[in-house]
Amino acid sequence: MKIQALKGFKDIVPGEVELWQHLEKVAREVFARFHFAEIRLPILEETELFARSIGEATDIVEKEMYTFTDKKITMRPEATASLLRAYIEHGLYAQKPVQRLFTIGPMFRHERPQKGRLRQFHQMDIEVLGSENPLVDAELMAMGAMLLKELGITVSLELNSLGCPDCRPAYRAQLVAYITERLQHLCSDCKRRSTTNPLRVLDCKVPACREQMAEAPSIQDHLCGPCRDHFQRVQAGLAQLDVPFSLNKFMVRGLDYYCRTTFEFITSDLGAQAAVAAGGRYDGLVETLGGPKNTPGIGFAMGMERLVLLLQQQQQAVSEGPGIDLFIAGIGEQGVEKAFGLAHAIRAVRSVAMDHDGKSLKSQMKQADKAGARFVLIIGDTELTSGLGILRNMRTEEQQNVELSSSALIDCLKTNK
RNA sequence: GUGGGCGUAGCUCAAUUGGUUAGAGCACCUGGUUGUGGCCCAGGAGGCCGUGGGUUCAAGUCCCAUCGCUCACCCCA
């Protein structure tokens, strides 16, 4: 019986890992331009943290978390809760009125895997804490749009507002009334949702349900004054920054803590997993987790597996690795021994590969070619006797004799490109 | 938890109505070139046909079970 990776867990092997490195590099650059600071967080937290933030009754907390029940600890299913815990624990709210933070890493959910959806998945999570200014909402979405654009990924941005504890209950009641009237025309899932999570009926995929819900009351028409004002200023901010978006009154959130602004970057190229990034505002969450009162927050997460799939799919090929500076081909026992020492010395300043197994020169030349070596240094008996190695430029095919000393070789590699 | 599709070489796949020794491309190794890469040519290695049972003179092929992968549903950043 052979051992293989767990269901829903994936290795990222050479050849694919370059795409991840590219993604992270571009992301870090963009985050820095928008003045976000990185925070690194643990993967395990007290189960209670997620129960309180995500909501006791959600499927995530009820059955999709990796929890060590005897210790009451859980592998994080998302990053926001952990980030806020750290924010509160270290009193970051006291250091600066507004904290702009991001974190990158693996998350875990015990779901059945499908395309773009694994049990260990990776997210880049970006949060702004301490501001409820709608310009911040717009700026955050603009940053997401800029990053995706620089990655060469085409998506659309959808926007909605979920209101706040002042206006949502009244809307919700009205929606429930609307749903109840049409209950017999809805799918069995929606019948269940009508009591468990009525907002979810809005984004059901069953055509009959969509039809029934087409004329459903829109949250956007039922916002209270402050929420309506906030929502409008978010849109004005996006317009000013030339970030295209469309309003989607059917877009809702599964997690309890969201309020007001909610948004998703959507693609049609990933099957059922349309959202490559999603987020929203959570003004009450910091307080819920024991932080200072009235600490607003907004954030979003980008699904890295999905971004990588799109990078592969949309042919945003990252150039092959730069290859190696030098391959040292030693012939015979003495040659290999000399190569071994020289390789180590030159590695202080240049990348060097070699074959330790005494393969034929032809074989070593092939290896050098495959490694993308720019130069090959050949050391055989003749070269050992003369003290001069043959340095071959693999691109121009020119060869020259170079003294077999690390300093001479380093000089030579520096002057020849 | 539910439903569909698929399991043959490292990878992508083929194998007629069940019929001799399961093939190809890519990748790998060796040689053609005493010590020089790519291209070409020749050769080589690599398979419990996912696993177990059944039907049959005969199973990669048909049946059952099981495991795995995958897509979708539920749920969801």
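## Side note on the domain arrangement of chain A
In terms of domain boundaries, chain A breaks down into domain 1 (17-167 + 223-313) and domain 2 (326-411). The C-alpha-based centres of domain 1 and domain 2 are spaced at 51 Å.

## Brief notes about the protein's contact with RNA strand B
Surrounding RNA strand B, one finds 47 residues, the nearest of these being R117, Q123, R193, R306 and K370. Atoms of RNA strand B within 4 Å of the protein: sugar and phosphate make up 58%, bases the balance. At 2.7 Å, a side-chain N or O of R392 approaches a base oxygen of RNA strand B. For the surface near RNA strand B, the secondary structure elements donating two or more residues are α8 (188-196), β10 (275-281), β11 (297-303), α14 (361-370), α15 (381-386) and β15 (388-393). Per-element accounting of the surface near RNA strand B gives the leading share, six residues, to α14. Its residues assigned to classes, the surface near RNA strand B shows 12 nonpolar, 11 polar and 24 charged.

## Some details on the confidence of the model for chain A
On average, residues of chain A score 90 in pLDDT, and 97% of them are at 70 or above. Strand β1 (residues 37-38) holds the highest mean pLDDT among the elements of chain A, 97, whereas helix α3 (residues 59-63) holds the lowest, 73.

## Remarks on the pairing of strand β16 (residues 399-403)
The sheet contact formed by β15 and β16 spans five bridges and is antiparallel. Bridged to L388 within β16 is E403. Joining the antiparallel neighbours β15 and β16 is a turn of five residues, in which E397 adopts a positive phi near 70°.

## Observations concerning the sheet that holds strand β13 (residues 352-354)
The strand order across the open sheet built from five strands is β13-β12-β14-β15-β16, with neighbouring strands paired in mixed fashion. Of all strands in the sheet, those with a lone pairing partner are β13 and β16, marking the two edges. Sheet twist, expressed as the average angle between the axes of neighbouring strands with direction ignored, equals 30°. Note: strand β12 (residues 326-330) against β13, three bridges, orientation parallel. Bridging across to β13, F327 finds its partner in A353. Packed onto the sheet, helix α13 (residues 332-346) meets β12, β13 and β14 (375-379) and runs at close to 155° relative to β12.

## Comments concerning the pattern of salt bridges
It is possible for side chains bearing opposite charge to pair when their charged atoms get close. All chains considered together, the criterion is met by 18 salt bridges. Across the salt bridge formed by K25 and E29, the nearest N and O atoms sit 3.5 Å from each other. Taken as a pair, K25 and E29 lie in helix α1 (residues 17-33) at a separation of four residues, close to a single helical turn. Residue classification places K25 among the exposed positions, given a relative accessible area of 55%. The partly exposed category is assigned to E29, whose relative accessible area is 38%. With its nearest N and O atoms 3.8 Å apart, the salt bridge here joins R260 to E132. Of this pair, R260 sits in strand β9 (residues 259-266) while E132 sits in the loop between β6 (120-129) and α6 (134-151), and the two are 128 residues apart along the sequence.

What counts and how
- Residues numbered from 1 in each chain as written.
- Chains lettered and ligands numbered in written order.
- Predicted model: local features only at pLDDT ≥ 70, side-chain atom pairs only at ≥ 80, totals over all residues.
- Heavy atoms only, no water.
- Domains from an automatic or database assignment.
- Near = heavy atom within 4 Å.
- Polar contact = N/O pair within 3.5 Å; in protein donor to acceptor, adjacent residues only side chain to side chain.
- Helix = DSSP H or I, 4+ residues; strand = E, 2+ residues; numbered from the N terminus.
- Nonpolar A, V, L, I, M, F, W, Y, C, P; charged D, E, K, R; others polar.
- pLDDT = per-residue confidence, 0-100.
- Pairing = 2+ DSSP bridges.
- Axes fitted to C-alpha atoms, helices over the stretch in contact; angles between N-to-C directions.
- Contact = heavy atoms within 4.5 Å.
- Salt bridge = Lys/Arg side-chain N within 4 Å of Asp/Glu carboxyl O.
- Buried < 20%, exposed > 50% of the residue type's maximum accessible area, 1.4 Å probe, protein only.

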